[in-house]
Structures are given as C-alpha cells and as structure tokens.
Amino acid sequence: MKKLKHLFILLLAFTTVFQSCTSSDDVADPQKSTALRIFLKEMKSAYNISGRTSSDDSDMCFEFVYPLTLSYNNGTTVVVANENELLSILENETSELYIDGISFPFDILVAGSTVPVTIADEEAFWNAIENCDMDTYDDSISENDCFTFVYPFSLVTNNNQTIVITSESALLNILDDDDNDDNYIVDFVYPFSIIINNETVQVDNAYEFEELIEDCSSSNCNCPDIDAPVCVNIGGETIEFPNACNAECAGFTSADFVDCGSDDDFDDDFDDVLESCLNISYPVQVQFNGAVATAQNDSQLLQLYNPSQNQIPAFNYPITVSFEDNPNVTYTVANQNGLIELINTHCD
C-alpha cells in the first residue's frame, strides 16, 4: 500500500477543500476510528514518544486543526486544544486506556498549504492516510519478520468485510492481491494470538498490536522476503511461517520444524517424483537448516531436503519446471502450493 505521492496528488484526493467554518455546536459525538490509530502511531514515531523511531522515518504530511474532540476506549471524551496536549495524551496511553475515537468532521492542514481540508468521515480519513504514505496494517504485516499469527483469526477490510484467515498463504493472498489498493485491512477482530520467541501471546486491542509492531521494528531480525514455508507444532496445532528465518526469529530451530501439510498434499515421495516426472531448471536456491543453499542438479537438491520436515524442498521461488508428460512446456512456479498442484496434475 506504500505509494510515493507528490503533495498535489494528496490535495486532489479530497473531494471538498475549503476554509474551515465548523463551530463547536456542529461537533458530533466521537466515533471509533482505525485510521486515527494509524495516524497516532505515526505521530508517536515523529515525536519519538515511548522510544519509537526518529522523525526521519515518519510521513507526517498533514496535521490536525485544533481543537479536536477525541475519545478513549472506555468511552471518556476529551477536547484537545493543541498539539502539545495531544502529545501529552499519547505519552500517557496504556493498553488499558488509549485514544480510539474522533469527532467528524474535523480539519487538517496539508504540509505546504494554509488551506484547511475537511475530513468528513472515516473513509476520507483513510484516503488521507493512504495518500500520505503512512505505514498501514498491510505494511506492518508485510514487513513483519519476528512473529506469526495463530490461525484462524479474523480481520476487517475497508469494504466492511470480516474475513477469516486460516493460514499464512491466505493472509499473503490478501496482501498480494492486485486489487489490494481498493481492499485493504483497517482492523482486526480482537483478541487474537501470535507466536513470538517460541511463546503464544494474546493481543487484546489495537494499542497492544501497535506496541508489538514497534517492538518488532526495533529488533535485530532481518529476514529475506522469501516464500518458502516451514511449520512448527504448538500444543497440537500446526503454525506456518513464511520461511525458516522467520521461524527462527520467533524462537524456533530447524529441529522444531514439522511437515506443514496441505489440502494440496501429494502421496508420492519427492525423490520418486523428481526421478520419474518432474524436471527442474537449475540452479535453484533452497532453505536448508536455517540457511540458503544452491542446488545445481537433482542429486544436490535431494541432499538439501529433509522429508521429515517438508513434503518438498523449501525452494526460494519462483522456479521453472517441466514434466515428462509434456517436457517442451515449462512452468514458472510462484510458491509451494502452485508446485504441488502441478505435481498432482502431471505426476499421477
């Protein structure tokens, strides 16, 4: 969802631009706003509140016009007269008491402009967030490399759809959707659980999730963006990580990896499939024992594969393959499920 936009594009994103004329009599009761939490998270970063990153990493391309009427998660309402008052509130937030609502309409000032822009509703607020290039939930999840979700859990999109996410691949499908610019994550159904440092932790609200993301951003774990799933078993439940590095950052080792299993499982041994049916265009890279190795041929590939941990080698996709039933046709495979589907089709 990250977009590099010039100031004039942001200004054009709003349907109504005019001098503010809202009086205190027009202020409605605050309503819960997930866009507000995204903005406040960015504001904390810009002002280095609670040890967050420096302002150089922030995208504060607009600011509020005060006064504002905000509300806490317990329903308490507060009128904020200026930026210093808001910063004081943010410095004292906790997971038990935090800001989660704002009264619409309110005005903002876009950087470089003296003309207030009126934000009439939540949709307009999200449009401002998107056009300002702030990190959204989509960005935070895509860039996360220190925890994994416990499935299933549910999230809410901007189209007011509640979607049950049953696996890592299902989550990635949403994040990688070509139409994701028009269908993005605005909230979660709380509570949900994550696994971090080999421990299952329950996340009860948006504030706790923001703190989790912030802690991850300051961690030393820097995993590659590789789709080579590995799984671990926690309390009888199989949890999938995007790759071995992510699993190890969550506190697991290769000894903890188990077969992920899938609706697309195939019954044959991979070495039999490789010998009789599947042709791979070498070289290929494979995740093995927590590192990335290169295979130049079938023999080397089988040495980088542990059948007790994965049903097929943990390739770094995409890879190019063909099959003995029609060797002149090649396929570029984007992920493990796609490869299994092709094997099931061509190797029966």
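Our subject is the structure that appears above.
Residues numbered from 1 in each chain as written. Predicted model: local features only at pLDDT ≥ 70, side-chain atom pairs only at ≥ 80, totals over all residues. Heavy atoms only, no water.

**Things to note about helix H6 (residues 168-175)**
Here is step 1: Those residues of H6 that sit buried are Glu 168, Leu 171, Ile 174 and Leu 175. Summarising the axial view, the buried residues of H6 lie within an arc of 125°, below the 170-degree limit, and thus occupy one face.
Here is step 2: For H6, the capping residue at the N-terminal end is Ser 167, with a side-chain oxygen 3.2 Å from the backbone nitrogen of Ala 170. (Buried < 20%, exposed > 50% of the residue type's maximum accessible area, 1.4 Å probe, protein only. Helix = DSSP H or I, 4+ residues; strand = E, 2+ residues; numbered from the N terminus. Arc of directions from axis to C-beta. Polar contact = N/O pair within 3.5 Å; in protein donor to acceptor, adjacent residues only side chain to side chain.)

**Notes on helix H2 (residues 34-46)**
For an α-helix the count is 3.6 residues per turn, leaving residues at separations of three or four pointing the same way.
Here is step 1: Between its first and last C-alpha atoms H2 spans 19 Å; for 13 residues at 1.5 Å apiece the expected length is 18 Å, and the two agree.
Here is step 2: Of all 13 residues in H2, 13 are buried; the element is thus mostly enclosed.
Here is step 3: You can read the cap of H2 off the contacts: a side-chain oxygen lies 3.0 Å from the backbone nitrogen of Leu 36, and it is on Ser 33.
Here is step 4: Phi for Asn 48, located one or two positions after H2, is positive at around 55°. (Expected span 1.5 Å × (residues − 1).)

**Focus: the sheet that holds strand E9 (residues 153-157)**
Here is step 1: In spatial order, the strands read E10-E9-E11; together these three strands make up an open sheet with antiparallel pairing. Two strands close off the open sheet at either side, each with one partner strand: strand E10 (162-165) and strand E11 (185-188). The average angle at which neighbouring strand axes cross in this sheet is 35°, direction not considered.
Here is step 2: Bridge analysis of E9 against E10 gives four bridges, and the strand direction is antiparallel. Paired with Phe 153 across the two strands is Ile 165, which belongs to E10.
Here is step 3: Relative to E10, H6 is tilted by about 140°, and along the sheet it contacts E9, E10 and E11. (Pairing = 2+ DSSP bridges. Axes fitted to C-alpha atoms, helices over the stretch in contact; angles between N-to-C directions. Contact = heavy atoms within 4.5 Å.)

**Remarks on the sheet that holds strand E2 (residues 62-64)**
Here is step 1: Read across the open sheet, the three strands follow the order E2-E6-E7; overall the sheet is antiparallel. Two strands lie at the open edges of the sheet, namely E2 and strand E7 (117-119), each paired on one side alone. Neighbour-to-neighbour, the strand axes of this sheet turn through a mean angle of 40°, independent of strand direction.
Here is step 2: Sheet topology places strand E6 (residues 106-110) next to E7; three bridges connect them, and they run antiparallel. Pairing of Ile 108 across the sheet is with Val 117, part of E7.
Here is step 3: Strands in contact with helix H4 (residues 122-131) are E2, E6 and E7; relative to E2, the strand with the most contacts, it is inclined by about 140°.

**So, the state of the cysteines**
Here is step 1: As enumerated under the stated definition, the model contains two disulfides in all.
Here is step 2: Across the disulfide from Cys 277 sits Cys 347; the S-S distance is 1.9 Å. Disulfide Cys 277 to Cys 347: torsion about the S-S bond roughly -80°, handedness left-handed. Separated by 70 residues along the polypeptide, Cys 277 in the loop between helix H9 (270-276) and strand E17 (278-280) and Cys 347 in the segment after helix H11 (336-346) bring together distant segments of the chain. (Disulfide = S-S within 2.5 Å.)

**Concerning the packing of aromatic side chains**
Here is step 1: As enumerated under the stated definition, the model contains 28 aromatic pairs in all.
Here is step 2: Note on Phe 64 and Phe 125: the rings are 6.4 Å apart at their centroids and 70° apart in plane angle, and the pair reads as edge-to-face. With Phe 64 in strand E2 and Phe 125 in helix H4, this pair connects stretches of sequence that are 61 residues apart.
Here is step 3: Ring centres of Phe 323 and Tyr 331 lie 6.0 Å apart, and the angle between their planes is 65°; on these two criteria the pair is classed as edge-to-face.
Here is step 4: By way of ring pairs, the aromatic residues Tyr 137, Phe 147, Phe 149, Tyr 151, Phe 153, Phe 188, Tyr 190, Phe 192 and Phe 209 are connected into one cluster. (Phe/Tyr/Trp six-rings, centres within 6.5 Å; stacked < 30°, edge-to-face > 60°.)

**Overview of the environment of Phe 149**
Here is step 1: Within the secondary structure, Phe 149 is located in strand E8 (residues 148-149).
Here is step 2: Looking at Phe 149, the relative accessible area reads 3%, which means it is buried.
Here is step 3: Between the C-alpha atoms of Phe 149 and Ile 239, which are 90 residues apart in sequence, the distance is 8.0 Å.
Here is step 4: In this view, Phe 149 contacts Ile 141, Leu 171, Phe 188, Phe 192, Ser 193, Ile 194, Phe 209 and Ile 239; residues no more than four positions away in its chain are not counted.

**Concerning a negative patch on the surface**
Here is step 1: Together, Asp 269, Asp 271, Asp 272 and Glu 275 give the surface a local cluster of negative charge.
Here is step 2: Structurally, the position occupied by Asp 272 is in helix H9. (Patch = residues over 30% accessible without salt bridge, like charges linked within 9 Å, V, L, I, M, F, W, Y side chains within 5 Å. Areas by Shrake-Rupley, 256 points an atom, 1.4 Å probe, with all protein chains shown as cover. Salt bridge = Lys/Arg side-chain N within 4 Å of Asp/Glu carboxyl O. Lys, Arg positive; Asp, Glu negative; His and termini not counted. Charge placed at Lys NZ, Arg CZ, Asp CG, Glu CD.)

**Some remarks on the packing of H2 against helix H3 (residues 83-91)**
Here is step 1: The interhelical angle for the contact between H2 and H3, taken along N-to-C directions, is 95°, at an axis separation of 11 Å. Looking at the two axes, H2 sits roughly perpendicular to H3. For the pair H2 and H3, the contacting residues are Leu 40, Met 43 and Lys 44 in the first and Glu 83, Leu 86, Leu 87 and Leu 90 in the second. (Parallel < 35°, antiparallel > 145°, perpendicular 65-115°, else oblique.)

**Examining the pattern of salt bridges**
Here is step 1: Under the counting rule described, the total for this entry stands at four salt bridges.
Here is step 2: Of the charged contacts, one joins Asp 187 and Lys 32 as a salt bridge, the two residues approaching to 3.7 Å between their closest N and O atoms. Placement of the pair is Asp 187 in strand E11 and Lys 32 in strand E1 (residues 31-32), with a sequence separation of 155 residues.
Here is step 3: Judged by its relative accessible area of 11%, Asp 187 is buried.
Here is step 4: Since its relative accessible area comes to 55%, Lys 32 is described here as exposed.
Here is step 5: We note a salt bridge from Lys 44 to Glu 93, for which the minimum N-O separation is 2.7 Å.

The analysis is restricted to geometry; functional conclusions fall outside its scope.
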